[in-house]
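# What the coordinates show
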Amino acid sequence: MSMKTDNTMPVNKKTTIQRSFLDWIGSFGSEDIGVDLGTSNIVVYVKNKGLVFPEASIVAVKESTGEVMAYGLKAAEMEGRTPAGIKIVYPVHAGAIVDYHSAAYLLNSIINQSYLKGMFFHPRLLMCAPIGISHVQKRALLEAAVAIGARKTVLIEQPLAAVMGLGVKTKDREGTFIIDAGGGATKMSIVSRHGVVSSDYSLQSGGFMDEAIINMVMEKYHVHIGRNAAEMLKIALGAMWDVDHNAQVCEVCGISAVSGLPTKIVVTGENVARALNPILYQIFSKVIAVMQTTPPAILEDIRRTGVMLIGGVAQLKGFSELLGQVIDMPIHVADHPAYVNAVGAGSALEYMDYFRDSLQDLH
Ligand SMILES: Nc1ncnc2c1ncn2[C@@H]1O[C@H](COP(=O)(O)OP(=O)(O)OP(=O)(O)O)[C@@H](O)[C@H]1O
Ligand SMILES: [Mg+2]
């Protein structure tokens, strides 16, 4: 034990000196950056500057060489029409990095986008980490930060970032119930002034909804549609039919399963809502399960204050209404719900000097 300590001491010393030297150089030009690396979108907040336009968490890679051909929105637009030899990669799955190289590439490209270029020299990163991710997944997040030259990286639990992003004063409340409905997972957390009290997640999410719509359109209309078209139907029609039973329709293009030719179809809101219904109710049952594990005093307060709904899917038509009916509580959809975590990470940058480097905690 002591041998090991002695052996590592000089290395540790050197690292400390290097860090402070980088800190000194960094103070002339670098910025602190808050990052929410999600399954669908990566959102970045730069200290003193604000939100950077979010990008899709997608890269298009040449299969033979591994060379990245496009990232973000450009890669998303290639989806379903990639030339032979190019594959679409989703570096994040359910909030956890599954392709470390693509994730690092994505992060680096966004931070070094033309209008930010040259602004950063070994930045300090504060990254949102979904609650309950494994040691290996945490390491993947940190390694993506190291790969872009971050001199310090801090992981902050996503619900805590959300509380900051929402501007909730936790000291005035027993608890805050946050539901983050994203592209890869729906996270439910109850946060008190002492931290996260209970939490759970469901893999039922925006991405699942798109898949369910693709399957429904094939079954009912015998037409194959891509993910982008399915997402468009989801956003246009949502689960509103379940709430008001008003007939709404939306036109979409796909490939006929009968003729193999491109075709246009008119999809009804009723069919989309019916496809989304089982997913929503699985999410709601998880929400109820989290409420059942919450201490009564906190739950009482939450019944009064209601649920804060964040994440892109918070905007799904009919979602907040149905959730409110099922759990019989007020539901508040945040403004710009998909950016709340990144804004919270941005607010937490103020305390960057006080946080420990999360890499040290992993060793
Ligand atoms: N107006 C809308 N109506 C319904 N869904 C929407 C709307 N806008 C965005 N979405 C969906 O929100 C999802 C993306 O949300 P968000 O950016 O919060 O996910 P993420 O943070 O990348 O994912 P995760 O947190 O699960 O890792 C996508 O599935 C997208 O289709
Ligand atoms: Mg998210």
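For the structure given in this document, a descriptive report is provided here. Remember, predicted model here, so these are calculated numbers, not experimental data.

## What to know about the side chain of Thr 153
Topologically, Thr 153 is positioned in strand β10 (residues 152-157). The contact partners of Thr 153, leaving out residues within four places of it in the chain, are Leu 125, Met 127, Leu 142, Ala 145, Asp 357, Ser 358 and Leu 359.

## Quick look at the packing of helix α3 (residues 100-111) against helix α4 (residues 135-147)
Packed helices, taken two at a time, are described by the angle between their axes plus the distance between the axes. For the pair α3 and α4, interaxial distance at closest approach is 9 Å and the crossing angle is 50 degrees. The pairing of α3 with α4 is recorded here as oblique in orientation. The crossing of α3 and α4 is right-handed. Touching Tyr 100, Ala 104 and Leu 107 of α3 are Ala 140, Glu 143, Ala 144, Ala 145 and Ala 147, all from α4.

## Description of the sheet that holds strand β18 (residues 331-333)
Picture the strands of a sheet paired through backbone hydrogen bonds; they go either parallel or antiparallel. Overall, mixed pairing links the five strands, which are arranged β13-β12-β11-β17-β18 in an open sheet. Taken across any chain shown, the strands that pair with only one partner, and hence form the sheet edges, are β13 (195-202) and β18. The sheet shows a mean angle of 20 degrees between the axes of neighbouring strands, taken without regard to direction. The pairing of strand β17 (residues 307-310) with β18 spans three bridges and is classified as parallel. Within β18, the position partnered with Leu 309 by the bridge is Val 333.

## Quick word on the environment of Val 52
Structurally, the position occupied by Val 52 is in strand β3 (residues 50-56). Through-space distance from the C-alpha of Val 52 to that of Ile 42 is 9.7 Å; in sequence the pair is 10 residues apart.

## Regarding the packing of aromatic side chains
Taken as a whole, this structure holds three aromatic pairs when the rule is applied. Between Tyr 281 and Phe 284, the ring centres sit 5.1 Å apart and the planes meet at 75 degrees, which makes this aromatic pair edge-to-face. One end of the pair, Tyr 281, and the other, Phe 284, are both in helix α9 (residues 269-292), three residues apart, so they sit about a helical turn from each other. Site record: aromatic cluster; members linked through ring pairs are Tyr 281, Phe 284 and Phe 319.

## Quick look at a nonpolar patch on the surface
Residues Met 164, Tyr 351 and Tyr 354 make up a contiguous nonpolar surface patch of about 360 Å² in total accessible area. Here Tyr 351 shows up in the loop between α12 (340-348) and α13 (358-362). Under the relative-accessibility criterion, Tyr 351 is labelled partly exposed at 39%.

## What about the pairing of β17?
A regular strand carries its side chains on alternate faces of the sheet. On β17, burial covers both faces: Val 307 and Leu 309 on one face and Met 308 and Ile 310 on the other are all buried. Pairing between strand β11 (residues 176-181) and β17: four bridges, direction parallel. Bridge pairing in β17 places Ile 179 opposite Leu 309. Once the chain exits β17 it traverses helix α11 (residues 319-327) before rejoining the sheet at β18, and the crossover so formed is right-handed.

The rules behind these values
Residues numbered from 1 in each chain as written. Chains lettered and ligands numbered in written order. Predicted model: local features only at pLDDT ≥ 70, side-chain atom pairs only at ≥ 80, totals over all residues. Heavy atoms only, no water. Helix = DSSP H or I, 4+ residues; strand = E, 2+ residues; numbered from the N terminus. Contact = heavy atoms within 4.5 Å. Axes fitted to C-alpha atoms, helices over the stretch in contact; angles between N-to-C directions. Parallel < 35°, antiparallel > 145°, perpendicular 65-115°, else oblique. Left-handed = near helix turned anticlockwise from the far one by under 90°. Pairing = 2+ DSSP bridges. Phe/Tyr/Trp six-rings, centres within 6.5 Å; stacked < 30°, edge-to-face > 60°. Patch = residues over 30% accessible without salt bridge, like charges linked within 9 Å, V, L, I, M, F, W, Y side chains within 5 Å. Areas by Shrake-Rupley, 256 points an atom, 1.4 Å probe, with all protein chains shown as cover. Salt bridge = Lys/Arg side-chain N within 4 Å of Asp/Glu carboxyl O. Buried < 20%, exposed > 50% of the residue type's maximum accessible area, 1.4 Å probe, protein only. Right-handed = clockwise from strand over helix to strand, strands pointing away.

Without other data, these values stay purely geometric and don't point to any function.
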